[in-house]
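# Geometric and topological summary
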Amino acid sequence: MIIDKETVEKVANLARLELAEDEKEAMIKDMSKILDFMAKLNEIDTSGVEPLVYMTNEVNVLREDVVKQTITTEEGLKNAPKHNDDYFLVAKVIDK
């Protein structure tokens, strides 16, 4: 795959990034290096290698899940810029 300015602009748009022209040129070089590296990895024979699911065979040691109230609702809402009696109030970000 060839990385050009249009590809960088499309990826930046999808990632919600604003890039200056010099940053776009640097991204073209960086993305090309990444794809070249991935192509090299694809050349490696991994037919005898089993897939790795976890990095270690150790099982997680988890603490017991105990429900407890560490602060009151009033304490939690004390420094909130906007709240009602029970909840934080935030701006709506998704329109239906």
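Every value quoted in this text rests on a predicted model; they were computed, and no experiment measured them.

## Section: unusual backbone geometry
The backbone of Arg16 sits at a positive phi, close to 60°, despite the residue not being glycine. Here Arg16 lies in the loop between α1 (5-14) and α2 (21-42).

## So, the confidence of the model for the protein chain
Residue-level pLDDT values for the protein chain average 89, and 99% of them are 70 or greater. When mean pLDDT is compared element by element in the protein chain, α1 scores highest at 95, while helix α3 (residues 73-77) scores lowest at 89.

## Observations concerning the pattern of salt bridges
As a working rule, side chains carrying opposite charge can pair if their charged atoms are close by. Under the definition given, this model contains three salt bridges. Of the charged contacts in the structure, one is a salt bridge between Glu21 and Lys5, with a shortest N-O distance of 2.8 Å. Taken as a pair, Glu21 in helix α2 and Lys5 in helix α1 lie far apart in primary sequence, 16 residues in all. Here Glu21 falls in the partly exposed class, since its relative accessible area comes to 42%. Between Lys24 and Glu21 there is a salt bridge, with its nearest N and O atoms 3.4 Å apart. In this pair, Lys24 and Glu21 both sit in helix α2, three residues apart, roughly one turn of the helix. Look at Lys24 and you get buried, because its relative accessible area is 13%. Through salt bridges that share partners, Lys5, Glu9, Glu21 and Lys24 make up one connected network.

## A look at the environment of Leu19
Mapping Leu19 onto the fold places it in the loop between α1 and α2. For the pair Leu19 and Gly48, spaced 29 residues apart in sequence, the C-alpha to C-alpha distance is 43 Å.

## Digging into the packing of α1 against α2
The contact between α1 and α2 brings their axes to 9 Å, and the two run at 100°. The angle between α1 and α2 falls in the class roughly perpendicular. Where α1 abuts α2, its residues Lys5, Val8, Glu9 and Val11 lie against Glu21, Lys24, Met27, Ile28 and Met31. Split by residue class, the contact of α1 with α2 holds five nonpolar, no polar and four charged.

## Notes on α1
Buried within α1 are the following residues: Thr7, Val8 and Ala12. Buried positions in α1, seen along its axis, are confined to an arc of 130° and lie on one side of it. Opposite the buried face of α1, by more than 90 degrees, sit the exposed residues Glu6, Lys10 and Leu14. Packed against the buried residues of α1 are α2.

The rules behind the values
Counting restarts for each chain: residues are numbered from 1 in the order of the written sequence. Where local features are concerned, this predicted model is filtered to residues with pLDDT of at least 70; where side-chain atom pairs are given and counted, the filter is 80 or more; whole-chain, interface and lining totals use all residues. The basis for the side-chain values is all heavy atoms of the structure; hydrogens and waters are excluded. What counts as a helix is a DSSP run of H or I of at least four residues, what counts as a strand is a run of E of at least two, and both are numbered from the N terminus. For every residue, the pLDDT score states the predictor's confidence, bounded by 0 at the bottom and 100 at the top. The term salt bridge refers to a pairing of a side-chain nitrogen on Lys or Arg with a carboxyl oxygen on Asp or Glu at a separation within 4 Å. Between buried and exposed lies partly exposed: a residue is buried under 20% and exposed over 50% of the maximum accessible area for its type, with that area taken using a 1.4 Å probe on protein chains only. Each axis is a line fitted through C-alpha atoms, taken for helices only over the stretch in contact, and angles between the N-to-C directions span 0 to 180 degrees. Each angle gets one of four labels, with under 35 degrees taken as roughly parallel, over 145 as roughly antiparallel, 65 to 115 as roughly perpendicular, and the rest as oblique. Two residues form a contact once any of their heavy atoms are found within 4.5 Å. When residues are sorted by character, Ala, Val, Leu, Ile, Met, Phe, Trp, Tyr, Cys and Pro go into the nonpolar class, Asp, Glu, Lys and Arg into the charged class, and all the rest, Gly among them, into the polar class. The arc under discussion is defined with respect to the helix axis, by the directions toward the C-beta atoms.

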